[in-house]
Amino acid sequence: MSIPEIQIPPPLQHCADALSQAIRLYQEMRFDQLHDTLLKAFVDIVHNDHALDRFFQVSVTVPLFLGDLQAEFYLFNQKTNHFLRVCDSRAGLIKPPQVAEPAPGVDISAVVDRDQRRFYPLFPRTGTGRHEPRPDKGCQEHYDPDPYFASHSLLGLYAVLPAENLSEEDHCFFQILTRWLGNKLNNRLIANRHLEHLQFLNSLGRDIGHNIIVPNMHLKYLLRQMEKQLNGLKELENKARAMAEKGISLQDVIKNIDYCRRQRQALEQSHRELLKHHTQISLYLESLFREQHFKKGHLVLKPTRCFVERDIILPQLDLYKKKLEKQGITIERPVNMYQQDFPLMVDVGLLSQVYANLFSNAVKYTREIIDHRGKPRKALAYGAEMVDDFPTPGHQGIKFNVFTTGPPLSEDERKTIFQEGHRLANSDGIEGSGHGLDFIRRVIEVHGGQVGCEATPEGNNFYFILPISPIEEQKKHEQS
């Protein structure tokens with residue numbers, strides 16, 4: 001079938017050229033009924049199903065209909081410069097994805113045979129349409145990635161095996177198929193990134209409400225206290241005027257001076273509290289409203305070298321000290337944390353909010369128990385300890401603990417407690433959103449650490465482990 005001669009408006013000429021080239025390409029392919037039907041079936045399925053996992057599965061299932069062929073689907077990790085096998089015709093989805101060993105060393109601009117496989121590179125736009133069949137080579141195509149995305153246009157690889165079983169018709173079929181795979185994969189990855197970005201912004205909004213807006217209500221309370229104290233001083237000023245006019249005894253003057261001193265001390269205390277809260281809220285605002293969070297779609301660390309107890313734990317504990325004391329909760333300080341407290345590279349603002357959430361939960365959930373000595377105990381304890389073989393064998397991490405007395409959590413509760421929206425069975429009547437521990441988990445994981453909860457007969461230990469960098473490990477050993 002020849003392409004009819006038609007008049008094309010100049011603005012549409014480039015589209016007409018692309019269509020004409022695609023028509024000639026398909027005409028040259030001359031697929032048999034199986035290849036043609038299989039391609040149409042694949043296009044129909046992936047057009048209507050937008051799930052990424054399903055896309056991988058359908059893609060590696062296609063070769064099974066062509067006889068003794070299988071496929072492997074690889075994604076390219078730009079950060080590590082490795083290929084990850086995410087799905088194949090034998091095992092289906094591979095979770096977690098496996099790093100290709102050895103990594104397929106392919107020329108990303110062309111199809112290549114290696115290790116009994118034929119690797120087809122996947123680009124957002126697979127080629128510019130330049131299809132140049134040659135009589136001696138059959139169906140061939142040069143892959144020319146979009147120059148605008150030249151540095152990161154490779155999305156992955158589609159491998160068909162064994163390569164020796166591929167006919168010329170099969171090869172042409174997979175070239176057409178991988179055109180679709182590249183474009184559809186790109187669309188799905190972009191959609192996933194946008195969805196993750198939106199989910200992150202949603203979580204960040206909850207973080208701001210949970211960690212800034214709610215605690216900021218305490219500032220309102222402090223301001224009201226200062227307002228009362230200022231009104232008291234105004235009242236004292238009026239009394240002083242009256243005393244000056246009437247001639248009051250020295251004893252009454254001394255009483256008013258004493259009252260004035262108490263009001264001044266109360267104002268000074270309120271002022272100190274306001275300064276502390278202002279410092280913390282400013283720290284929280286800086287760490288949650290960073291421009292990079294919104295650009296990247298995830299928490300972006302701003303690590304600084306600090307002493308965790310001195311620079312993070314104690315300032316947060318000072319903010320919650322009165323609330324803990326009001327609930328009758330004793331603060332049990334570690335006797336040996338100074339041995340573990342050496343400089344670490346962490347995000348002070350985000351890690352401060354981790355401890356703020358843990359101490360806030362302690363105020364709400366700590367309960368009195370009878371300890372192993374038969375004595376009543378209602379306490380919060382914190383500390384740290386070294387952990388070997390974290391995150392990998394031969395390395396060390398440091399485990400930070402916050403323990404509170406109360407009923408031990410069940411195994412099921414400990415498994416789900418760090419999930420968004422999860423609340424304890426005994427939290428009825430206690431204000432909370434179930435967001436704080438999820439925030440803790442996300443902050444620790446972006447530091448490369450992990451979170452957990454351990455139950456004991458006397459309460460629960462909430463902990464997180466942070467990896468120690470090789471330089472910090474060396475300095476720690478030099479100090480010991």
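What counts, and at which threshold
Residues numbered from 1 in each chain as written. Predicted model: local features only at pLDDT ≥ 70, side-chain atom pairs only at ≥ 80, totals over all residues. Heavy atoms only, no water. Patch = residues over 30% accessible without salt bridge, like charges linked within 9 Å, V, L, I, M, F, W, Y side chains within 5 Å. Areas by Shrake-Rupley, 256 points an atom, 1.4 Å probe, with all protein chains shown as cover. Salt bridge = Lys/Arg side-chain N within 4 Å of Asp/Glu carboxyl O. Helix = DSSP H or I, 4+ residues; strand = E, 2+ residues; numbered from the N terminus. Buried < 20%, exposed > 50% of the residue type's maximum accessible area, 1.4 Å probe, protein only. Expected span 1.5 Å × (residues − 1). Bend = angle between axes of the 7 residues up to and from the residue. Phe/Tyr/Trp six-rings, centres within 6.5 Å; stacked < 30°, edge-to-face > 60°. Core = buried A, V, L, I, M, F, W, Y, C linked by side-chain atoms within 4.5 Å. Pairing = 2+ DSSP bridges. Axes fitted to C-alpha atoms, helices over the stretch in contact; angles between N-to-C directions. Contact = heavy atoms within 4.5 Å. Parallel < 35°, antiparallel > 145°, perpendicular 65-115°, else oblique. pLDDT = per-residue confidence, 0-100.

A.B. asks: Explain a nonpolar patch on the surface to me, please; I cannot follow it from the model alone.
C.D. replies: Where nonpolar side chains cluster on the molecular surface, the patch consists of Leu198, Leu201, Leu285, Phe289 and Phe294 and spans about 430 Å² of accessible area. Positionally, Phe289 belongs in the loop between α5 (250-288) and α6 (291-296). Classification of Phe289 as partly exposed rests on a relative accessible area of 43%.

A.B. asks: Explain helix α7 (residues 308-326) here, please?
C.D. replies: Along an α-helix, residues three or four apart share an orientation, since each turn contains 3.6 residues. End to end, α7 covers 26 Å across 19 residues, agreeing with the expected 27 Å (1.5 Å per residue, within 8%). Taken as a whole, α7 carries its principal kink of about 50 degrees at Tyr320. One or two steps after α7, the chain reaches Gly328, where phi turns positive at roughly 75 degrees.

A.B. asks: I'm lost on the packing of aromatic side chains in this one. Help?
C.D. replies: Tallying each qualifying case throughout the model produces 13 aromatic pairs. Aromatic side chains Phe55 and Phe56 sit 6.1 Å apart centroid to centroid with 55 degrees between the ring planes, which places their arrangement in the tilted category. The pair Phe55 / Phe56 is uniform in exposure class, with both members buried. Between Phe418 and Phe462, the aromatic rings sit 6.3 Å apart at their centres with planes inclined by 70 degrees, giving edge-to-face as the arrangement.

A.B. asks: What am I meant to see in the nonpolar core here?
C.D. replies: The tendency in soluble globular proteins is for nonpolar side chains to be buried side by side. Judged by nonpolar contacts, the single largest core of 49 residues is most densely connected at Leu324, Tyr355, Leu380, Phe400 and Phe464. The biggest single contributor to this core is helix α9 (residues 348-365), with ten residues.

A.B. asks: Please clarify how the sheet that holds strand β5 (residues 117-122) should be interpreted in this entry.
C.D. replies: Strand pairing in a sheet relies on backbone hydrogen bonds. The paired strands run either parallel or antiparallel. The antiparallel open sheet is built from six strands, whose spatial order is β3-β2-β1-β6-β5-β4. A strand with exactly one partner marks an edge of an open sheet, and here the two such strands are β3 (92-99) and β4 (112-114). The mean angle between the axes of side-by-side strands here comes to 30 degrees, regardless of whether they run parallel or antiparallel. Sheet topology note: the strand β2 (residues 82-88)/β3 ladder contains four bridges and is antiparallel. Each bridged residue has a counterpart across the sheet, and for Leu84 the counterpart in β3 is Val99. Sheet strands touched by helix α3 (residues 52-61): β1 (70-77), β2, β3 and β6 (156-161). Its angle to β1, the strand with the most contacts, is close to 140 degrees.

A.B. asks: How should the sheet that holds strand β8 (residues 330-332) be read in this particular structure?
C.D. replies: With respect to topology, five strands assemble into an open sheet ordered β8-β12-β13-β15-β14, the strand pairing being mixed. Lying at the two open borders of the sheet, with one neighbouring strand each, are β8 and β14 (450-456). On average, each strand axis in the sheet is tilted by 20 degrees relative to the strand beside it, whichever way the strands run. Bridge analysis of strand β12 (residues 379-388) against strand β13 (residues 396-405) gives nine bridges, and the strand direction is antiparallel. Along β13, the bridge assignment pairs Gly383 with Asn401.

A.B. asks: I would appreciate a short explanation of the packing of helix α2 (residues 33-48) against α3 in the present structure.
C.D. replies: Packing of α2 against α3 brings their axes to within 10 Å, and their N-to-C directions diverge by 175 degrees. Our classification of the angle between α2 and α3 gives roughly antiparallel. Note on element contacts: α3 touches α2 through Arg54, Phe55, Val58 and Ser59, opposite Phe42, Ile45 and Val46.

A.B. asks: Any chance you could explain the confidence of the model for the protein chain here in plain terms?
C.D. replies: Parts of the prediction with low pLDDT should not have their coordinates interpreted in detail. Taken as a whole, the protein chain shows an average pLDDT of 80; of its residues, 77% reach a score of 70 or greater. When mean pLDDT is taken per element in the protein chain, strand β15 (residues 459-467) scores highest with 96 and helix α12 (residues 470-479) scores lowest with 56. Ignoring residues within four places in sequence, the model shows residues 126-138, a span with pLDDT below 50, making 28 contacts including any to other chains. Ignoring residues within four places in sequence, the model shows residues 140-152, a span with pLDDT below 50, making 32 contacts including any to other chains.

A.B. asks: Looking at this structure, I do not really get the pairing of β14. What am I missing?
C.D. replies: The two faces of the sheet receive side chains in turn, since in a regular strand these alternate between them. Of the pairings in the sheet, the one linking β14 to β15 comprises seven bridges and is antiparallel in character. Residue pairing across strands places Val451 opposite Phe464, the latter belonging to β15. Here β14 folds back onto β15, and the loop between the two strands holds two residues.

A.B. asks: Would you take a moment to explain the environment of Arg414 for this structure?
C.D. replies: For Arg414, the location among the structural elements is in helix α10 (residues 411-416). C-alpha of Arg414 to C-alpha of Phe462: the two residues are 48 residues apart in sequence and 9.6 Å apart in space. Apart from the residues lying within four places of it in its own chain, the contact partners of Arg414 are Leu409, Cys453, Glu454 and Ala455.

A.B. asks: How do you make sense of unusual backbone geometry when you look at a structure like this?
C.D. replies: Peptide bonds are, in most cases, trans, and in most cases residues other than glycine have a negative phi. The omega torsion across Lys95 and Pro96 is -5 degrees, close enough to zero to call that bond cis. Here Pro96 shows up in strand β3. At the junction of Leu161 and Pro162, the peptide bond is cis and its omega measures out at -10 degrees in the coordinates. Within the secondary structure layout, Pro162 lies in the loop between β6 and α4 (168-246). Its identity is not glycine, yet Gln116 carries a phi of approximately 65 degrees, on the positive side. With respect to the helices and strands, the residue Gln116 is situated in the loop between β4 and β5. Here Asp389, not a glycine, exhibits a phi torsion of approximately 55 degrees, which is positive. Topologically, Asp389 is positioned in the loop between β12 and β13.

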